[in-house]
Amino acid sequence: MDAWAIFEAAILGLLEGLTEFLPVSSTGHLLLAGYFLGFESTGRTFEVLIQLGAILAILSVYFGRLWKLLTDLPRDAGARRFATGIILAFLPAAVIGALAHSYIKQVLFETPVLVCSMLILGGFVLLWVDRLPLRPRYNDVTQYPLKMCFMIGLVQCLAMIPGVSRSGSTIVGALLMGSDKRSAAEFSFFLAMPTMAGAFAYDLYKNHALLSTNDLTQIGIGFVAAFISGVIVVRYLLDYVSRHGFALFAWWRLIVGSAGLAALMVWG
């Protein structure tokens, strides 16, 4: 593997970790960056498998809460209810993701105009939701009704269109269903763990025979970079959105999507 390939893997890994938990679409950013860098991964596995770094970033930051949740499950009805809610929210993406896996990877991932368009559309949606006079009814993720958890899971499925954003769709869905901004972002963190782990496992199962040593090395570099940048984002995002909302991310989406469309028109 040459130095340029290592550089690409590191840059894309950093980009994954920085954007995975922000409502800006990490997959959209990776696909656009890879498109303009000329980066092509085998079976588009790199873009999915480096998410393991982001998963471990959440686990490292939330280990204490997750461990308490696991140890409380046998005796605490509230802990069991919250775990059930996360499972219900995960199920729609698990089913639809498995059924539509080939179409997502072979068609949607290969359409940069679609990615840019979804970034722009999502930016407008975030601006609209951020300015709504919403009155939150829930400020604790463990108190979300089970029906609400399942509905958020359905909304998350929109993120199978690259450029929509998994975290963005879950956050917007939670806000419109009565959560406050901080708990909406936190629920997105918890839901990310089974969703991303499932995507990782399924994609590895489907494509492991295609991966070469160079592919695995690139994935390893991207994984480490995603972990480091992901830890930073998870530690500070909740405090930021509690104070400032999502307008910054909305404008970022509009800028990146518009710049991507302009670049595609100029360079093809």
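Residue positions within a chain follow its written sequence, with the count starting from 1. Restriction of local features to residues with pLDDT of at least 70 applies here, the model being predicted, together with a cutoff of 80 or more for giving and counting side-chain atom pairs; totals for whole chains, interfaces and linings are based on all residues. The basis for the side-chain values is all heavy atoms of the structure; hydrogens and waters are excluded.

Caption draft 1: Quick peek at the overall build of the protein. Per the secondary structure count, the protein includes 13 helices and 0 strands. Dimensions of the protein, computed from C-alpha atoms along their principal axes, come out at roughly 55 × 40 × 35 Å. Out of the 268 residues belonging to the protein, those deemed buried represent 50%. Whether two residues are in contact is decided by their heavy atoms: any pair within 4.5 Å suffices. Long-range contacts, defined here as pairs at least 24 residues apart, represent 84% of the contacts in the protein between residues at least 6 apart. Calculation of accessible area relied on Shrake-Rupley with a 1.4 Å probe; when residues are assessed, cover is drawn exclusively from the protein chains displayed. When the accessible surface of the protein is summed, it comes to about 12,500 Å², and 69% of that surface belongs to carbon and sulfur atoms. The numbering of helices and of strands both runs from the N terminus, where a helix is a DSSP run of H or I of at least 4 residues and a strand a run of E of at least 2. Classification of residues uses two cut-offs on accessible area relative to the type maximum, computed with a 1.4 Å probe and protein chains only: under 20% is buried, over 50% is exposed, and between them is partly exposed.

Caption draft 2: Structural detail: the packing of aromatic side chains. Under the pairing criterion, centres of Phe, Tyr and Trp rings, with the six-membered ring standing for Trp, must be within 6.5 Å; the plane angle then separates stacked pairs below 30 degrees from edge-to-face pairs above 60, leaving the rest tilted. Scanning the entire structure with this criterion turns up 12 aromatic pairs. On the basis of an interplanar angle of 80° and a centroid distance of 5.6 Å, the ring pair of Phe21 and Phe189 is categorised as edge-to-face. Here Phe189 lies in helix H11 (residues 181-207) and Phe21 lies in the loop between helix H1 (3-19) and helix H2 (26-37), a separation of 168 residues in the sequence. Judged by centre distance (5.7 Å) and plane angle (65°), the rings of Tyr240 and Phe249 are edge-to-face. Judged by its relative accessible area of 26%, Tyr240 is partly exposed.

Caption draft 3: Molecular detail of the pattern of salt bridges. Criterion for a salt bridge: a side-chain nitrogen of Lys or Arg within 4 Å of a carboxyl oxygen of Asp or Glu. In total, this model carries 9 salt bridges according to the counting rule given. Ionic pairing is found between Arg75 and Asp72, a salt bridge with its closest N-O pair at 3.0 Å. Since its relative accessible area comes to 63%, Arg75 is described here as exposed. Taking the shortest distance from any N to any O, the salt bridge between Asp203 and Lys105 comes out at 2.5 Å. Here Lys105 lies in helix H7 (residues 101-106) and Asp203 lies in helix H11, a separation of 98 residues in the sequence. The two residues Asp203 and Lys105 agree in class, both being buried.

Caption draft 4: Looking closely at the environment of Ile58. Along the polypeptide, Ile58 turns up in helix H4 (residues 51-61). Separated by 172 residues in the primary sequence, Ile58 and Gly230 place their C-alpha atoms 7.6 Å from one another. Not counting residues within four places of it along the chain, the set of residues in contact with Ile58 comprises Phe21, Phe63, Phe189, Ala192, Met193 and Val234.

Caption draft 5: Quick look at the nonpolar core. Judged by nonpolar contacts, the single largest core of 44 residues is most densely connected at Phe21, Tyr62, Tyr144, Phe187, Phe190, Leu237 and Phe249. The greatest single-element share of this core, amounting to 9 residues, is contributed by H11. For Phe187, the contacting residues outside a window of four places in its chain are Ile86, Ala89, Val141, Tyr144, Cys149 and Ile152. For our purposes a nonpolar core is just a set of buried Ala, Val, Leu, Ile, Met, Phe, Trp, Tyr and Cys residues, chained together by side-chain atoms within 4.5 Å. Formed by 14 residues, the second largest nonpolar core is a distinct cluster that contains Ala93, Val115, Leu119 and Met160.

Caption draft 6: Highlighting the packing of helix H10 (residues 166-176) against H11. An axis is simply a line fitted to the C-alpha atoms; with a helix, the fit covers only the stretch in contact. Between two such axes, the angle follows the N-to-C directions and lies from 0 to 180 degrees. Two elements in contact, H10 and H11, have axes whose closest approach is 9 Å; the angle formed by their N-to-C orientations is 135°. Put simply, H10 runs oblique to H11. Viewed along their axes, H10 and H11 form a crossing whose handedness is right-handed. Here Arg166, Ser167, Thr170, Ile171, Ala174 and Leu175 of H10 lie close against H11, whose contacting residues are Lys181, Ala184, Ala185, Ser188, Leu191, Ala192, Thr195 and Met196. Grouping the constituent residues of the contact of H10 with H11 by class yields 8 nonpolar, 4 polar and 2 charged. For classification purposes, angles smaller than 35 degrees are called roughly parallel, those larger than 145 roughly antiparallel, those between 65 and 115 roughly perpendicular, and all remaining angles oblique. Should the near helix be turned anticlockwise from the far one by less than a right angle, the crossing is termed left-handed; should it be turned clockwise, right-handed. Gly is placed with the polar residues, together with every amino acid not listed as nonpolar (Ala, Val, Leu, Ile, Met, Phe, Trp, Tyr, Cys and Pro) or charged (Asp, Glu, Lys and Arg).

Caption draft 7: Region of interest: a nonpolar patch on the surface. A surface patch of nonpolar side chains, amounting to about 520 Å² of accessible area, comprises Trp4, Phe7, Ile11, Leu14, Leu18 and Leu37. Among the structural elements, Ile11 can be located in helix H1. Among the residues examined, Ile11 registers a relative accessible area of 37% and is labelled partly exposed. Patch members must show over 30% relative accessible area and no salt bridge, and they are joined within 9 Å when carrying like charges or within 5 Å when they are nonpolar side chains of Val, Leu, Ile, Met, Phe, Trp or Tyr.

Fair warning: the whole summary comes from geometry, so function is off the table for now.
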